[in-house]
Structures are given as C-alpha cells and as structure tokens.
Amino acid sequence: MSRTVLAAAAAVLIGLAACGGGKQQSTKPAATGSKATAKPATSEQKRKTTAKPDTAPSKNPLTNN
C-alpha cells in the first residue's frame, strides 16, 4: 500500500478513537422513574432569575479608558 492510503487509514482510526467509535447502544433500556411516583412541577421549586444588566462602566478597548 502507498503511504497516502496508510496515512488516511491511520487518520480515520485516530478520529474514531477520539470520538469514541461512533454510536454505542446498550442492551439495557434507559432507567426511567415510575410515572406513579413522579411529582408534578410545583411553585415551591426554585425558579431561575433572569440575567441582570451589566452595571460596570464600559471601557474603550482602543484607549482602555
């Protein structure tokens, strides 16, 4: 085989090893909670607040003032 073919094959194998070899399907089904014990969302759960506006004075990146 030529060097180009071997280099391409090595690159493919390295890429697959880096990505984990593609899709891996387990034989076990995903663990899911029972629907009977699942709790509906309540108002007592913590809600995320919106992001606050930036209050720091803006600087000119050219003069850093």
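Refer to the structure above for everything that follows.
One numbering rule holds for all chains: residues counted from 1, following each sequence as written. Two thresholds apply to this predicted model, a pLDDT of at least 70 for residue-level local features and 80 or more for giving and counting side-chain atom pairs, whereas whole-chain, interface and lining totals are computed over all residues. Each side-chain value is worked out from all heavy atoms of the structure, with water and hydrogens disregarded.

J.: What am I meant to see in the overall build of the protein here?
T.: A run of H or I in DSSP becomes a helix once it reaches four residues, and a run of E becomes a strand once it reaches two; helices and strands are each numbered from the N terminus. Counting its secondary structure elements, the protein contains 1 helix and 0 strands. Relative to its 65 residues, the protein shows a buried fraction of 0%. Whether a residue is buried, partly exposed or exposed follows from its accessible area with a 1.4 Å probe, protein chains only, as a fraction of its type maximum: under 20%, in between, or over 50%, in that order.

J.: Please clarify how a nonpolar patch on the surface should be interpreted in this entry.
T.: Exposure above 30% relative accessible area and no salt bridge define the residues that can form patches, which grow by joining like charges within 9 Å and nonpolar side chains of Val, Leu, Ile, Met, Phe, Trp and Tyr within 5 Å. Using the Shrake-Rupley algorithm and a 1.4 Å probe, accessible areas are obtained, with residue cover drawn only from the displayed protein chains. The working definition used for a salt bridge is a side-chain nitrogen of Lys or Arg within 4 Å of a carboxyl oxygen of Asp or Glu. Together, Val12, Leu13 and Leu16 make up a nonpolar patch on the protein surface, roughly 290 Å² of accessible area in all. By secondary structure assignment, the location of Leu16 is in helix H1 (residues 3-19). For Leu16, a relative accessible area of 43% puts it in the partly exposed group.

J.: Where do I start with unusual backbone geometry in this structure?
T.: Backbone geometry follows two general trends: most residues other than glycine have a negative phi, and most peptide bonds adopt the trans configuration. For Asn64, which is not glycine, the phi dihedral falls at a positive 60°. By the element assignment, Asn64 lies in the segment after H1. Judged by relative accessible area, which is 53%, Asn64 ranks as exposed.

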